[in-house]
Amino acid sequence: MYLLDNINNPDDLKKLSKPQLPQLAKELREFIINIVSTKEGHLGASLGVVELTIALHYYFNTPTDLLVWDVGHQAYIHKLLTNRKNKFECYRQKGGLSGFPNRAESIYDAFGTGHSSTSISAVLGMAMASKLKGCSKKHIAIIGDASIASGMAFEGLNHAGVSGVNMLVILNDNAMAIDNNVGALKNYLSSVRKHEINGDNFLENLKFKYTGPINGHDFNELFSAFKEINNHKGLSFLHIVTTKGKGYKLAEEDQVRFHAPGKFDISTGVSLSKINKFTKYQYVFGKTLVELAHQNKKIVGITPAMPSGTSLKIMMDEIPERAFDVGIAEQHAVTLAAGMSTQGLVPFIAIYSTFLQRAYDQVVHDVALQNLPVVFCIDRGGLVGEDGATHHGMFDIAWLRTIPNMIVTAPMNETDLRNLMFIAQNTKHPFTIRYPRGYGVLENWNTPFSNIEVGKGYNIKQGSEIAVLGIGHPVNFVIDAVNKLKADDENKVSVYNMLFVSPLDTSILDEVFSTYKNIITVEDGVVAGGFGSAVLEWANKNKHNNNVTILGVENPFIEHSSTKNQYYETGISSDKIKAVLLDIINSNY
């Protein structure tokens, strides 16, 4: 009988003897590998913290003692040990468990995470609250060596040093983010692991009692460290060394791929994902940037710790001297690009929409205020599926279009993406190109570049009664919806690919509002302040009173499920758009 069969919560865990824990660790790894190989998700990070997670729940009194898992990729074992094992098969699916810690899901999830480097600040806040209330409990942040290099983590460490609280920071040092770690801190930690550091540990100078580095896969070392730390009042810092993907040889050997490998064959590691005849937008971006960079020596590429996810790695491999991974440092990435731009370079920043939010002030103050021609290639715009609310790119259109000097665009397909990148390199203003996660719609996308006039969209189909103005990838849903209509109804619908949110194509708007009583706007971002709002603002300013229907995301905090399901639920799938068109057509008779 498996030990795991009888383990549902930390109380069950504590009934095991310490010699039984390695067997439980083995079973947990098998459980995770079996589930992730068939359901997809994050694998390597959780495999690397199996022993740590068991030891934390075995030694400390959770949930009274508070654990915060930075980012949360590594929290799968934590979920299995905290009353969620029987629900885990449906994780990241509609109605199932989140892929990240979530306060609404469990009392054991002390803080919701999904973005990096928040754990130290959150735990410090909890510890300060306990101090004010006179409570006695443990406050523990588990953070990776990539996340701790972020500015926010340093801000938390700096404040903690003068706070007078009891808290423990555990550094899970595996030399990896999603890709290999970069930067001087990585080199420092490497030297610490090799015991090559002479003089004071910088953490001790911040008033932390430093312990380590220790083997994070050795229960005896973990429990010994916990005992020592438990007897210390104040700030403690435990440095553990682990292997990402531990216990699954293929994941240990290819840590980048097995961070989130999709469906795969356990014995061979071969991907079981369906072959798609189309190409991911991310790959189109990566190949196009290299093509442009060979033509224009001023182009440089920058990403904050996402070279593989954004496909900037293609440029890093081919033109390494002009492509830079700056680590988990979105604010730094933007201002670095601004500095480069002042000296005549043409920086392309490859960044996920949800992560660009972390650099809002830098976009406004350092780039737009100075009207610097930095190109933001915003990946994962819109709905992202199973990663859920922490990773949707819902707000980018709404906040970017309010910034002066900012050109805001969204391609409907791969050709648009390439052409927007082509013109962006020569535009003398900040330029954003926003595209979704996943596949495009063209089999033959690698075609010669064409010039696009800034602020100009184009008509795709002419009709007699309704005009649909779309922005970005959802224009393809509009085309599909119109094609599903009966011939007579299809002839009543005009479709426009607006391409630019800012500046808007006012010539198209003049034509549409003068010709059509009913107008529909479609976008895969938040409705409040988005593309449809921009159209309505223009219509109000120009005293139009046409019927305008805005299709987009009403409630931007959308839970995890498939993107297909999310498109349907938010009302921007082709079937939903078709239904809206038919309602308008039928209401005219």
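Treat the numbers as computed from the prediction; the structure is a model and nothing was measured.

**Q** Help me out: how do you make sense of helix α22 (residues 506-515) in this one?
**A** Spacing of three or four residues puts side chains on the same side of an α-helix, whose turn is 3.6 residues. Every buried residue belonging to α22 is among Ile508, Leu509, Val512 and Phe513, and all of these are buried. Take α22 and look down its axis: the buried residues cluster within an arc of 115°, on one side only. Next to the buried residues of α22 lie β12 (458-461), β13 (466-470), β14 (493-497), β16 (518-526), α23 (531-541) and β17 (547-553).

**Q** Would you mind showing me how to read the nonpolar core here?
**A** If you look at soluble globular proteins, the nonpolar side chains tend to sit buried side by side. Formed by 50 residues in total, the largest nonpolar core has its most connected members in Ile54, Leu56 and Ile170. Broken down by secondary-structure element, the contributors of at least two residues to this core are α2 (21-39), α4 (50-59), β1 (66-69), α5 (76-84), β2 (139-144), β3 (167-173), α10 (219-230) and β5 (235-241). The biggest single contributor to this core is α2, with eight residues. Once residues within four sequence positions are removed from consideration, isoleucine 170 is found in contact with Leu52, Leu56, Ile140, Ala141, Ile142, Ile143, Phe226, Leu238 and Ile240. Counting residues in hydrophobic clusters, the runner-up holds 48 residues, among them Phe376, Tyr496, Phe531 and Trp538.

**Q** Hey, could you run me through the pairing of β1 in this one?
**A** Along a regular strand, successive side chains alternate from one face of the sheet to the other. Side chains of β1 alternate between two faces, with Leu66 and Val68 and Leu67 and Trp69 buried alike. Summarising the sheet, β1 and β2 pair through four bridges and their orientation is parallel. Paired with valine 68 across the two strands is alanine 141, which belongs to β2.

**Q** Even after reading the chapter, I still don't get the environment of alanine 225, so can you show me in this structure?
**A** If you trace the backbone, alanine 225 turns up in helix α10. Distance in space between the C-alpha atoms of alanine 225 and isoleucine 240 is 9.9 Å, their sequence separation being 15 residues. Once residues within four sequence positions are removed from consideration, alanine 225 is found in contact with Thr211, Ile214 and Leu238.

**Q** Help me understand the sheet that holds strand β10 (residues 407-409) in this model?
**A** Two orientations exist for strands paired in a sheet by backbone hydrogen bonds: parallel and antiparallel. In spatial order, the strands read β7-β6-β8-β9-β11-β10-β15; together these seven strands make up an open sheet with mixed pairing. Of all the strands in the sheet, just β7 (323-325) and β15 (500-502) have a single pairing partner and so form its edges. Each strand of the sheet is rotated relative to its neighbour by a mean of 20°, with strand direction disregarded. Helix-sheet contacts for helix α19 (residues 414-424) involve β8 (346-352), β9 (375-379), β10, β11 (431-434) and β15, and the interaxial angle to β11 is about 170°.

**Q** For this particular structure, what's the right way to read unusual backbone geometry?
**A** The bulk of non-glycine residues show a negative phi, and the bulk of peptide bonds are trans. Cis rather than trans, the peptide bond between glycine 212 and proline 213 has omega equal to -5°. Note on placement: proline 213 falls in strand β4 (residues 209-215). Geometrically, the link from serine 502 to proline 503 is a cis peptide bond, its omega value of 0° lying close to zero. Structurally, proline 503 is set in the loop between β15 and α22.

**Q** Even after reading the chapter, I still don't get the pairing of β4, so can you show me in this structure?
**A** Inspection of the sheet shows β4 paired to β5 by five bridges, in the parallel sense. Residue pairing in the sheet places lysine 209 in a bridge with serine 236 of β5. In this view, the connection linking β4 to its parallel neighbour β5 by way of α10 has right-handed handedness.

**Q** Please explain the packing of aromatic side chains as it appears in this structure.
**A** Two aromatic rings are characterised by how far apart their centres lie and by the angle between their planes. According to the stated counting rule, one finds 27 aromatic pairs in the structure shown. Ring centres of tyrosine 188 and phenylalanine 202 lie 5.4 Å apart, and the angle between their planes is 70°; on these two criteria the pair is classed as edge-to-face. Of this pair, tyrosine 188 sits in helix α8 (residues 184-193) while phenylalanine 202 sits in helix α9 (residues 202-205), placing them 14 residues apart in sequence. Residue phenylalanine 202 is classed as partly exposed on the basis of its relative accessible area of 26%. Members of the aromatic cluster, connected to one another through ring pairs, are Tyr58, Tyr59, Phe60, Phe219, Phe223 and Phe226. For the cation-ring pair, lysine 18 lies above phenylalanine 223, with the distance from its terminal atom to the ring centre recorded as 4.6 Å. Just above the ring of tyrosine 568 sits the side chain of lysine 576; from NZ or CZ to the centre is 4.4 Å.

**Q** I tried to follow the pattern of salt bridges on my own but got confused; where do I start?
**A** Side-chain pairs of opposite charge can arise whenever the charged atoms involved come near each other. Scanning the entire structure with this criterion turns up 23 salt bridges. The salt bridge involving glutamate 105 is made with arginine 84; its shortest N-O contact spans 2.8 Å. Note that glutamate 105 is positioned in the loop between α5 and α6 (119-133) and arginine 84 in helix α5, a separation of 21 residues in sequence. Judged by relative accessible area, glutamate 105 falls into the partly exposed class, the value being 23%. According to the relative accessible area criterion, arginine 84 is buried, its value standing at 2%.

Cut-offs applied
- Numbers given to residues run from 1 along each chain, matching the order in which its sequence is written.
- The predicted origin of the model limits local features to residues at a pLDDT of at least 70 and limits the giving and counting of side-chain atom pairs to 80 or more, whereas totals for whole chains, interfaces and linings rest on all residues.
- Based on all heavy atoms of the structure, the side-chain values leave hydrogens and waters out of the count.
- When a residue's accessible area, from a 1.4 Å probe over protein chains only, is under 20% of the maximum for its type it is buried; when over 50% it is exposed; and in between it is partly exposed.
- Secondary structure is summarised from DSSP: a helix means a run of H or I of at least four residues, a strand means a run of E of at least two, and numbering begins at the N terminus for each.
- Our arc is simply the arc of the directions from the helix axis toward the C-beta atoms.
- A contact between two residues is defined here by any heavy atoms of the two lying within 4.5 Å.
- Among the buried residues, those of types Ala, Val, Leu, Ile, Met, Phe, Trp, Tyr and Cys that are joined through side-chain atoms within 4.5 Å form a nonpolar core.
- Paired strands, in this sense, are two strands between which DSSP finds at least two bridges.
- Between N-to-C directions, angles cover 0 to 180 degrees, with each direction set by a line fitted to C-alpha atoms, over the stretch in contact for helices.
- The definition of a right-handed crossover adopted here requires that, viewed with the strands pointing away, the path from the first strand over the helix to the second runs clockwise.
- Pairing of aromatic rings covers Phe, Tyr and Trp, the last counted by its six-membered ring, and requires centre-to-centre distances within 6.5 Å; plane angles under 30 degrees mean stacked, over 60 mean edge-to-face, and any other angle means tilted.
- Only lysine NZ and arginine CZ atoms are considered, and such an atom sits over a ring when it is within 6 Å of the ring centre and within 35 degrees of the ring normal.
- A carboxyl oxygen of Asp or Glu within 4 Å of a side-chain nitrogen of Lys or Arg is what we treat as a salt bridge.

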